Amino acid sequence: MNTTTSTPARRVAIVTGASRGIGAAIAQRLAADGLAVVVNYAGRADEAAGVVAAIQAAGGQALAVQADVADPAAVRALFETTEREFGRVDVLVNNAGVMPPQLPTLVNTTDEEFDKLFAINVKGSFNAMREAAQRLQPGGRIVNFSSSLVGTALPGYSVYAGGKAAIETMTLVLARELRGKAITVNAVAPGPTATALFLDGKTPELIARLAQAAPLERLGTPEDIANVVAFLVGEQGGWINGQTLRANGGMV
């Protein structure tokens, strides 16, 4: 009697904003865990290609796809390209975001600054969540990105933190709206993390002070955050749903 054993299809993840920093670390970690990864980028094609090359050199499968997450049509095309190239989408990591090096107080925030932050950090994540809710395979995972600044509520971060608070609320609501589809929706809220985005424009004294804010007395690393995402995306994170995990070393 002949028997055949089918090989499970490789899970496929889209990681937005994955050309550098936390996004790049997440893409490489998920690829190491056996997922095929779409490395999304907005304008850093060379850096995205470098992430793909590193994944492929380590034996993984990856593809770089350009898309501005603030554009609904571009996000739709991102998912369509992923489905065309890999046949499915199982995981969305909504990492793309911006944080200017200098943020004014609320009263001094211009319309342009407000609109840019919300277009990318909120509308961009919404665009990707909307596509993922329709396209993810059963058992899929959505991981959004908030910030521990929602908890610290530092002056100067009203618009940035307000947008991230919106992400936390959408995370819980979407988790409940996807009842019956076996798809989890969670958010990760990093604290100070040693990336170019975080370090840009900060003095060494400020960086040192922020590093001491957590009881563990150091900045986070992109790999610290990638480990949290890998847990939520993996089998062991399957019972976590609708939650925001603060990954900040105990700062708040």
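It should be noted that the structure appears before, not after, this text.
Residues numbered from 1 in each chain as written. Predicted model: local features only at pLDDT ≥ 70, side-chain atom pairs only at ≥ 80, totals over all residues. Heavy atoms only, no water.

## With respect to the sheet that holds strand 6 (residues 184–190)
Inclusion rule: For two strands to pair, DSSP has to find at least two bridges joining them. Put simply, DSSP marks the helices as runs of H or I at least four residues long and the strands as runs of E at least two long, and each gets a number from the N terminus on. Fitting a line to C-alpha atoms yields each axis, with helices limited to the stretch in contact; the angle taken between N-to-C directions then spans 0 to 180 degrees. Residue contacts follow a heavy-atom distance rule, with two residues in contact if any of their heavy atoms lie within 4.5 Å.
An order of 3-2-1-4-5-6-7 is seen for the seven strands of this open sheet, with the pairing classed as parallel. Edge positions in the sheet fall to strand 3 (62–66) and strand 7 (244–247), since each of these pairs with one other strand and no more. With direction set aside, neighbouring strand axes in the sheet form an average angle of 20°. The pairing of strand 1 (residues 12–15) with strand 4 (residues 91–94) spans three bridges and is classified as parallel. Within strand 4, the residue paired with Ala 13 across the bridge is Val 91. Most of the contacts of helix 3 (residues 72–86) go to strand 2 (residues 36–41), to which it runs at about 150°, and overall it touches strand 1, strand 2, strand 3 and strand 4.

## Some remarks on the packing of aromatic side chains
Note the cut-off: Note on ring pairs: Phe, Tyr and Trp rings are taken, using the six-membered ring of Trp, and paired if centres are within 6.5 Å. Classes follow the plane angle, with under 30 degrees stacked, over 60 edge-to-face and the rest tilted.
If you walk through the whole model with that rule in mind, you get one aromatic pair. Between Phe 114 and Phe 118 the ring centres are 4.5 Å apart and the planes differ by 10°, which places this aromatic pair in the stacked class. Of the two residues, Phe 114 and Phe 118 both sit in helix 4 (residues 111–135), four residues apart, roughly one turn of that helix.

## Some thoughts on the nonpolar core
To keep it simple, the criterion reads: Among buried residues, those of type Ala, Val, Leu, Ile, Met, Phe, Trp, Tyr and Cys that are joined through side-chain atoms within 4.5 Å constitute a nonpolar core. Exposure classes here rest on a 1.4 Å probe applied to the protein chains alone. A residue is buried below 20% of its type maximum, exposed above 50%, and partly exposed in between.
One finds Ile 26, Leu 30, Val 39, Val 93, Phe 145, Val 188 and Val 229 to be the most contacted residues of the largest nonpolar core, which totals 31 residues. Ala 74, Leu 136, Ile 167 and Val 185 belong to the second-largest nonpolar core, a separate cluster that totals 28 residues.

## A short note on helix 3
Cut-off, in case you're wondering: Any helix carries an expected span of 1.5 Å times its number of residues minus one. This arc is built from the directions going out from the helix axis to the C-beta atoms.
Spanning 15 residues, helix 3 covers 21 Å between terminal C-alpha atoms, matching the ideal 21 Å at 1.5 Å per step. Turning to helix 3, its buried residues number three or more, namely Ala 74, Val 75, Leu 78, Phe 79, Thr 81, Thr 82 and Phe 86. Here the buried residues of helix 3 occupy an arc of 160° about the axis, which is enough to place them on one side. A positive phi of about 90° marks Gly 87, the residue just after helix 3.

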